[in-house]
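Descriptive analysis of the structure
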4 protein chains.
Amino acid sequence: MATIIKNEEYKYIFSPYLEPVARITPGNEVIVYTEDAFKSRIKTEADIPSKALATVRFLNPQTGPIYIEGAEPGDTLKVEIQDIELTRDYAVSCFLKHFGGLHLEERLEEKVWIWRLVENRQYLYNEEIRVKIPVRPFYGTFGVAPEIEAISTMSPGPFGGNMDVPDITAGNTVYLPVYNKGALFYMGDCHAAQGEGELCGVACEITAKATIKFDLIKGKKIAWPRIESKDKIMAVGSARPMEDAARIAYAELLAWLAEDYGFTKAEAYELLTQVGGLYVGNMVDTSYSLVASIHKRYLQRIDA
Amino acid sequence: MATIIKNEEYKYIFSPYLEPVARITPGNEVIVYTEDAFKSRIKTEADIPSKALATVRFLNPQTGPIYIEGAEPGDTLKVEIQDIELTRDYAVSCFLKHFGGLHLEERLEEKVWIWRLVENRQYLYNEEIRVKIPVRPFYGTFGVAPEIEAISTMSPGPFGGNMDVPDITAGNTVYLPVYNKGALFYMGDCHAAQGEGELCGVACEITAKATIKFDLIKGKKIAWPRIESKDKIMAVGSARPMEDAARIAYAELLAWLAEDYGFTKAEAYELLTQVGGLYVGNMVDTSYSLVASIHKRYLQRIDA
Amino acid sequence: MATIIKNEEYKYIFSPYLEPVARITPGNEVIVYTEDAFKSRIKTEADIPSKALATVRFLNPQTGPIYIEGAEPGDTLKVEIQDIELTRDYAVSCFLKHFGGLHLEERLEEKVWIWRLVENRQYLYNEEIRVKIPVRPFYGTFGVAPEIEAISTMSPGPFGGNMDVPDITAGNTVYLPVYNKGALFYMGDCHAAQGEGELCGVACEITAKATIKFDLIKGKKIAWPRIESKDKIMAVGSARPMEDAARIAYAELLAWLAEDYGFTKAEAYELLTQVGGLYVGNMVDTSYSLVASIHKRYLQRIDA
Amino acid sequence: MATIIKNEEYKYIFSPYLEPVARITPGNEVIVYTEDAFKSRIKTEADIPSKALATVRFLNPQTGPIYIEGAEPGDTLKVEIQDIELTRDYAVSCFLKHFGGLHLEERLEEKVWIWRLVENRQYLYNEEIRVKIPVRPFYGTFGVAPEIEAISTMSPGPFGGNMDVPDITAGNTVYLPVYNKGALFYMGDCHAAQGEGELCGVACEITAKATIKFDLIKGKKIAWPRIESKDKIMAVGSARPMEDAARIAYAELLAWLAEDYGFTKAEAYELLTQVGGLYVGNMVDTSYSLVASIHKRYLQRIDA
């Protein structure tokens, strides 16, 4: 039977200094409830973000930390995302003051956009834009506590965190480095949909409930988060300027090819040059996150 | 009947000061032959790049400039790529000294990789890596002469140039700003395949022959290259650091949505936030090139 | 009589979660002993950094946190540096593997450089280079605990931290934002000398003893560290890419001119354009630190 | 007797394709007249930049190209600046739309600032700000034609160009790489004063007359501009992001120390770490320019 985890008090740092909210044995199913990035303080087009958030000290509340039994520094934490269920019937996006990926000539006013779940919750629809977009939920924030630092939940890093990459989604497995006993896992910030880059800085923010399963790869060290889908293996790099995030992501993926798939570094470098994928997860956070990927079909050696 | 254009002397700058090699009336089919980025000086694994290129002053030879009749500053040049035919049976990649997207701990030696066209020219195969990858040819370099500058063919910019974005491919239409009478179009640097980022800096370089058709949109000004495929509209931004390329690409795409698709800037900004695509074309050139995109299905207004 | 502060256990994070090592009433003199960045583990040219540091988990030990009585969030902490005394007769620099500001063609081997204090401790001399340079001691690391984050002592930020800017020196006053009750001040990483940029990543590292005096400006909020010398006022910005650090530093200095010197923002912007100073403190840390400055003589209005 | 050079038609590109306006034998004195960056189109506070410049296609007019007899690719051009005389009694700065180093919360309106030469032309005074600043004239733009590119006079690069670094001033010598027969030298954009960074993007722009002397170092190759003053040797790097400009500047200065001053690369790297200077020339141009320097006193070996 799945353990259900719901924070009473949400967390705003990825910290090794906080008391775990649950202790989980690897292999068991866990159901985690998460708040949206604004802790549901913005609900309608009539809400003015700067007012609704006026007394708010921090954004992006996380559920956790979750203690994984047996996890030790130097292991890799494997998190299978089995299912994401959205727990309300609308998502919220908005333009915030002094925030966002573009510096437009005319500064846009702050404004709330409500995207309603429609057509059996398969689509989102905004009544002003009048465009229908598919629901593709994923977790914007997903990570473990750093070794000794406590980092804002607005930030991504080697520990994961606020990466905002759409591949952290149901059906995929996320690998994270373990820095602390118990790993101390956090998640939150579900997006019902988000484009690459999360351009205005606010995706389709929504409350949600995830079914996940933890596992450990004992004694396996990775440097940055890795993701596996049915078809692809991927690595996430987060840094500024953006080219450094690109280099980190590809270097981590190259390491993966060399470690687990029998390629020399030279072969991996050449192969990724010809068939690698590289998209921008976010271009608005404190560091930018990019995802490098390779399709599994290219990981097979074939004799001529 | 198509005009055939083959340079006797290749060009190494996108320049408004060079004599056109051909004058083309919009609407006619044109066949353009292009050399590979090394002017075919590297042919086998036994070639050592630093020796093969020792006496070479410039790389990335271009065919052009092609004068388009009727083109004037302030117009947009439309280039339909109808077909790309590879004109030899292998492509060349290599590791060059002091070049490439990663700074690896062990510096890799210079080395040539030959990718042979196999299986009815549908795939590329390298005998050392023993991996088969699909042939997906496109033009790495595609652009017009800048207004008064003459720019190296190693560089991308608002005029197009060495963008290395895989969407400049058969079936797609590329839009370029016209700065000079006759537009003065150049193309070259065909890649039989290339991953996003062109990681080591050298894709599957190959000689080719393209069938293209020029058209003009009189009096239509665009700021950066745009691309249209069957499914998507896209814009290319080139800059350093990479986040500036991302901002340029999305700003140009936002402008396109506002100009031609009836969205307000605010609507376009919000829509691109939720469904925009953003991939890295190259992370090795003098400026980085990113492609922002939106699927055409999201350009339709739908009443609830 | 001055309070003497010496850590038993050095700190490797700027953290609001650590127990103060001392409580100081503003206005009193305090003497703070600091370790060098390597905790004195490198002492001679014969030490090999990768061996000497092999079992070391963290670098850059700090003395603190020091609790300042009466400090509250929203105040500004004023720290007068009255004196810096070097507490040994040599400073240590070294080349570390995979670290430093330049990517040189030939990678330099790791290597220790010992700089001896000579000529009545006024100069440093290295026997291999045979060049004499003046002793100009300053604190590389100087800051307060962030609001809720705990940040590595390798990093600079709005809270100060590992800025490596030579103007944090005797005779100058440093202003820091207060985020926590008691401010929670940390310092360390004395440099007997350092060029702008700290090019190889390791300055003339040395143990030291500082005489400082704390004061509070109640209810005064600043966004980034400010420095005042006899002649100049300065602001420090830390970020990546480096241009963002430059913008932060100048924006903070502009704010200072507007708040305290009676200039409109437009006047301040224009004045800084014509007489502002802008140097690079470091180009090797996790974020780069730049210092914007203006000479006090330009803060006087003069009638024509 | 000095040759006097005054352009009839100013140039807006650093180009190898333009006819020289004069041919000069090295060693002779030359007097060069230069226009201001706006070609004197802005003269009073009543001028509105966007109107005054409405029909202007290009900014930053240059005098040149000047052909230096005997200069060949691979040489170094040495330019001694003997004197700079300002040729009018006021300098012009302004805020332009969509330009400048800061993104301020309230966008500043476009506005002209007139700085009058006062006190025997030793100072500049603005009547609105009522601050007096010293006249410290230098050339913002100073360079040679690139090898095959023609580059906008808004841009800096290895060829020099629009560097905006205050050390290109009377009493100093500037060294530039020669790419073309005759070197093809250009100069312009005199600033009566400018702070480091040229924050708002427009310094104290003024017309001027320089007395310079050319010399050649035959067969000496340098990669980026170098400057020598009475006290210091310096190198200028121009790139984006700014950290790349910093690396270029220091790498060129390190090369200089290794070539001409008998230091090993390791010694030079260490020495620059402890005593190098690094300031920002400009943070507003198409690439940023930084100046790395070392005082000549540190170039002397001294036995203990």
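Reading guide: rules and limits
- Residues numbered from 1 in each chain as written.
- Chains lettered and ligands numbered in written order.
- Predicted model: local features only at pLDDT ≥ 70, side-chain atom pairs only at ≥ 80, totals over all residues.
- Heavy atoms only, no water.
- Helix = DSSP H or I, 4+ residues; strand = E, 2+ residues; numbered from the N terminus.
- Rg over C-alpha atoms; globule rule 2.2 N^0.38 Å.
- Buried < 20%, exposed > 50% of the residue type's maximum accessible area, 1.4 Å probe, protein only.
- Contact = heavy atoms within 4.5 Å.
- Areas by Shrake-Rupley, 256 points an atom, 1.4 Å probe, with all protein chains shown as cover.
- Lys, Arg positive; Asp, Glu negative; His and termini not counted.
- Charge placed at Lys NZ, Arg CZ, Asp CG, Glu CD.
- Buried area = accessible area lost by both parts, 1.4 Å probe.
- Salt bridge = Lys/Arg side-chain N within 4 Å of Asp/Glu carboxyl O.
- Pairing = 2+ DSSP bridges.
- Axes fitted to C-alpha atoms, helices over the stretch in contact; angles between N-to-C directions.
- Least-squares fit on C-alpha atoms with pLDDT ≥ 70 in both.
- Phe/Tyr/Trp six-rings, centres within 6.5 Å; stacked < 30°, edge-to-face > 60°.

- An unreviewed UniProt entry lists chain A under the name Acetamidase, with Neomoorella stamsii given as the organism.

Comments concerning the overall build of chain A
- If you tally the helices and strands in chain A, you get 3 helices and 21 strands.
- The C-alpha atoms of chain A give 19 Å as radius of gyration, which agrees with the globular expectation for 304 residues (19 Å, within 12%).
- Expressed as lengths along the three principal axes of its C-alpha atoms, the size of chain A is roughly 60 × 45 × 40 Å.
- Split into buried and exposed, the 304 residues of chain A put 63% on the buried side.
- A sequence separation of at least 24 residues applies to 76% of the contacts in chain A between residues at least 6 apart.
- Counting every atom, chain A has about 11,000 Å² of accessible surface; 47% of that belongs to carbon and sulfur.
- The centroid of the 33 positive side-chain charges in chain A is displaced by 2 Å from the centroid of its 42 negative side-chain charges.

Some words on helix α3 (residues 265-275) of chain C
- The element α3 of chain C is extensively covered by neighbouring structure, given that 10 of its 11 residues are classed as buried.
- Every buried residue of α3 of chain C is accounted for by Ala266, Glu267, Ala268, Tyr269, Glu270, Leu271, Leu272, Thr273, Gln274 and Val275 of chain C.
- In this structure, the buried side of α3 of chain C is in contact with α2 (242-260), β20 (277-282) and β21 (288-295) of chain C together with β7 (90-95), β8 (111-118) and β10 (131-134) of chain D.

Section: the interface of chain C and chain D
- Each partner contributes residues to the interface: chain C has 65 residues there, and chain D has 65 residues.
- Taken over both partners, the interface formed by chain C and chain D buries close to 5,500 Å², and the fraction arising from carbon and sulfur atoms is 63%.
- On the chain C side of the contact with chain D, Tyr269, Glu270 and Gln274 of chain C bury the most area, a combined 13% of that side's loss.
- Where chain C packs against chain D, one counts 2 salt bridges.
- Two residues, aspartate 303 of chain C and arginine 130 of chain D, come together in a salt bridge whose shortest N-O distance is 3.1 Å.

Description of the sheet that holds β8 of chain D
- With antiparallel pairing, the 4 strands of this open sheet are ordered in space as β7-β8-β9-β10 (chain D). With one partner strand each, in any of the chains shown, β7 and β10 of chain D form the two edges of the open sheet. Each strand of the sheet is rotated relative to its neighbour by a mean of 30 degrees, with strand direction disregarded.
- The pairing of β8 of chain D with strand β9 (residues 123-126) of chain D spans 3 bridges and is antiparallel. Its bridge partner being in β9 of chain D, valine 118 of chain D is matched across the sheet by tyrosine 123 of chain D.
- Strands β7, β8 and β10 of chain D of the sheet are contacted by α3 of chain C, whose axis makes an angle of about 50 degrees with β8 of chain D.

Focus: the relation of the copies chain C and chain D
- Of the transformation placing chain C onto chain D, the axial shift is 0.0 Å and the rotation is 180 degrees, giving an RMSD of 0.0 Å. The operation mapping one copy onto its partner corresponds to a two-fold rotation axis. Residue tyrosine 279 of chain C of chain C places its C-alpha closer to the rotation axis than any other residue of that unit, at 2.1 Å.

Regarding the packing of aromatic side chains
- Tallying each qualifying case throughout the model produces 38 aromatic pairs over all chains.
- With a centroid separation of 5.2 Å and 45 degrees between ring planes, the pair formed by tyrosine 269 of chain C and phenylalanine 95 of chain D is classed as tilted. Of this pair, tyrosine 269 of chain C sits in helix α3 while phenylalanine 95 of chain D sits in strand β7, each in a different chain. Side by side, tyrosine 269 of chain C and phenylalanine 95 of chain D carry an identical accessibility label, which is buried.
- Taken together, a centroid distance of 5.1 Å and an interplanar angle of 75 degrees make the contact between phenylalanine 185 of chain D and phenylalanine 214 of chain D edge-to-face. One end of the pair, phenylalanine 185 of chain D, is in strand β16 (residues 185-191); the other, phenylalanine 214 of chain D, is in strand β17 (residues 208-217), with 29 residues separating them in the sequence.

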